[in-house]
Amino acid sequence: NGSKEVNIGVGLNEGYTELLTHRYFDQNHKMPKTYKLEMDIASKLENIIGKDEMQRLYLNADLLGLIDSLKQYMSENDIIKFINDVDFINHHNERIILEDVIMKNTIKNIYNFISKANQIKLKNIKTI
């Protein structure tokens, strides 16, 4: 029909799939870690929104739910940019060149997002 499918959140999906695979099926760490960066990002995101919530969202393929969960920490625009940045990393994974300025900036933006969300979460916990 000529319509192009839009895939958003693929990088987080790949990273979380890999994380769960290693957590539940690879206690001896024999499987190759193919999406190492995405896995690390998904793990840090899980720490922010909680393991049970992250697994529930993942198992229901609920990207909008993930965005809603993150809205208590970050703006929707920042969340969408974060998800797109992770997708960019995932899409260019085979040819990651860490010296590449665009790649470095994208990775920096991803970890800045995670750090900022975590700081807001911790600040909210302290004010309760």
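The rules behind each value
Residues numbered from 1 in each chain as written. Predicted model: local features only at pLDDT ≥ 70, side-chain atom pairs only at ≥ 80, totals over all residues. Heavy atoms only, no water. Core = buried A, V, L, I, M, F, W, Y, C linked by side-chain atoms within 4.5 Å. Buried < 20%, exposed > 50% of the residue type's maximum accessible area, 1.4 Å probe, protein only. Helix = DSSP H or I, 4+ residues; strand = E, 2+ residues; numbered from the N terminus. Contact = heavy atoms within 4.5 Å. 1 Å grid on protein atoms, 1.4 Å probe; cavity = no way out; pocket = protein on both sides within 12 Å on 5 of 7 lines; lining within 4 Å. Points joined across faces, edges and corners; volume = space filled by probe spheres on them. Nonpolar A, V, L, I, M, F, W, Y, C, P; charged D, E, K, R; others polar.

### Here we look at the nonpolar core
Then comes step 1: With 29 residues, the main nonpolar core has Leu12, Ile41, Leu66, Leu70 and Phe82 as its most contacted residues.
Then comes step 2: Among the elements of the structure, α1 (10–25), α2 (36–49), α3 (51–59), α4 (63–70), α5 (76–91) and α6 (101–127) are those that each provide at least two residues to this core.
Then comes step 3: Here this core takes 7 residues from α2, the largest share from any one element.
Then comes step 4: Setting aside anything within four residues of it in sequence, one finds phenylalanine 82 in contact with Leu12, Ile41, Leu45, Ile110, Phe113 and Ile114.

### Description of the layout of surface pockets
Then comes step 1: For the largest pocket, the calculated volume is near 250 Å³.
Then comes step 2: Those elements that provide at least two residues to the lining of the largest pocket are α1, α3 and α4.
Then comes step 3: Taken together, the residues of the lining of the largest pocket break down into 9 nonpolar, 2 polar and 1 charged.

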